[in-house]
Amino acid sequence: MECSFEKELIDATVRFHGHMCPGLAIGIRAAEIGLREVGRDGDEEIVVVVETDMCGVDAVQYLTGCTFGKGNLIHLDYGKNAFSFYRRSDGKSLRVVARPSILGGGVKTLAELHRKMNSGGLSQEEKKRWHAIREEITAGVMHARLEALFEVKPVQADPPAKARILASLTCDGCGEAVMESRMREHQDRRLCAPCLNALLTPHQKPSQK
Ligand SMILES: [Zn+2]
Ligand SMILES: [Zn+2]
């Protein structure tokens, strides 16, 4: 049971991301479950929470229509290929989590080649091998049964509240406009996050010449 998306849709997703790769394949297959279970943003109000910032997110964004700008694509920095899908109309939700085995046996060799690439570089032969293994892993993910790739679990929290429009205030440090909810109070001054950080850890400030 291979990926059920039309070839044109997969091609468009690859163009959006810039290349086909194992991570994108994971995102495409995860989105397949999300779309099947809760639908696409636009027809319905969908929220997606992604627990990774790697390649797969681009597929999930492109295919579900949820984006950072609309506030319905939310990143949690957990480093997991896990994607939660919420439908606001009836509260249906699910968390799609990649099984540890999702990339198959080839991933070990790929990791070894990666290490070598970063330390001393790869020979022509090894480069070919690296490409071949990546293609093999990608094809494996695209052709596997969804149940073999992912576990579907209940979500861990309610869907995040809708983004609110907040007033902008001016930072007392840099003079730039900052969203109200991001402004920090410090010793009677209202500061943006970078200005506050610079104040609290002055030695980490990049030197200005
Ligand atoms: Zn990629
Ligand atoms: Zn500032």
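Residues numbered from 1 in each chain as written. Chains lettered and ligands numbered in written order. Predicted model: local features only at pLDDT ≥ 70, side-chain atom pairs only at ≥ 80, totals over all residues. Heavy atoms only, no water.

Peer 1: It is not clear to me how the pattern of salt bridges should be interpreted in this structure. Could you clarify?
Peer 2: Charged atoms that come close allow side chains of opposite charge to pair. The tally for this structure, following the rule as stated, stands at 10 salt bridges. The shortest N-O distance in the salt bridge between K7 and D11 comes to 2.7 Å. With K7 and D11 both in helix α1 (residues 7–17), this residue pair falls four residues apart, about one helical turn. For K7, a relative accessible area of 57% puts it in the exposed group. Overall, D11 belongs to the partly exposed group, its relative accessible area being 30%. Across the salt bridge formed by R87 and D90, the nearest N and O atoms sit 2.8 Å from each other. Among the charged side chains, a salt-bridge network with shared partners connects R36, E37 and K92. (Salt bridge = Lys/Arg side-chain N within 4 Å of Asp/Glu carboxyl O. Helix = DSSP H or I, 4+ residues; strand = E, 2+ residues; numbered from the N terminus. Buried < 20%, exposed > 50% of the residue type's maximum accessible area, 1.4 Å probe, protein only.)

Peer 1: Would you mind showing me how to read the coordination of the zinc ion (ligand 2) here?
Peer 2: Geometry reference: four tetrahedral donors at a metal, ideal angle 109.5 degrees. Six octahedral donors, ideal angles 90 or 180 degrees. Of the protein atoms, only C171 (SG), C174 (SG), C192 (SG) and C195 (SG) coordinate the zinc ion (ligand 2), at distances of 2.3 Å. Coordination at the zinc ion (ligand 2) is tetrahedral: its four donor atoms span angles of 99 to 115° at the metal. Taken in chain order, the donor set of the zinc ion (ligand 2) reads C-x2-C-x17-C-x2-C. For C192, a relative accessible area of 7% translates into the label buried. (Donors = N, O, S within 2.8 Å, 3.2 Å for Na, K, Ca; no water. Tetrahedral: all angles 85-135°; square planar, octahedral: opposite > 155°, others 65-115°.)

Peer 1: Teacher, can you tell me more about unusual backbone geometry here?
Peer 2: The phi torsion of most residues other than glycine is negative, and most of the peptide bonds are trans. Not every positive phi belongs to a glycine, and Q187 is a case in point at roughly 45°. Inspection of the secondary structure assignment puts Q187 in the loop between β8 (184–186) and β9 (189–191). One non-glycine residue, D188, lies in positive phi territory at about 65°. Positionally, D188 belongs in the loop between β8 and β9. You can call D188 exposed: its relative accessible area is 81%.

Peer 1: What am I meant to see in the coordination of the zinc ion (ligand 1) here?
Peer 2: Bound to the zinc ion (ligand 1) are the protein donor atoms H17 (NE2), H19 (NE2), C21 (SG) and C55 (SG), situated 2.1 to 2.4 Å from the metal. Seen from the zinc ion (ligand 1), its four donor atoms lie at angles of 89 to 142°, and the figure they make is irregular. Summarised as a motif, the one-chain spacing of the donors to the zinc ion (ligand 1) is H-x1-H-x1-C-x33-C. Of this pair, C21 sits in the loop between α1 and α2 (22–38) while C55 is found in the loop between β1 (46–50) and α3 (56–64), placing the two residues 34 residues apart along the sequence.

Peer 1: Help me out: how do you make sense of the environment of L113 in this one?
Peer 2: Topologically, L113 is positioned in helix α4 (residues 106–119). Sequence separation between L113 and P202 is 89 residues, and the spatial gap between their C-alpha atoms is 41 Å. Residues in contact with L113, not counting those within four places in the same chain, are L122, E126, R129, W130 and I133. (Contact = heavy atoms within 4.5 Å.)

Just distances and angles here, no functional claims.
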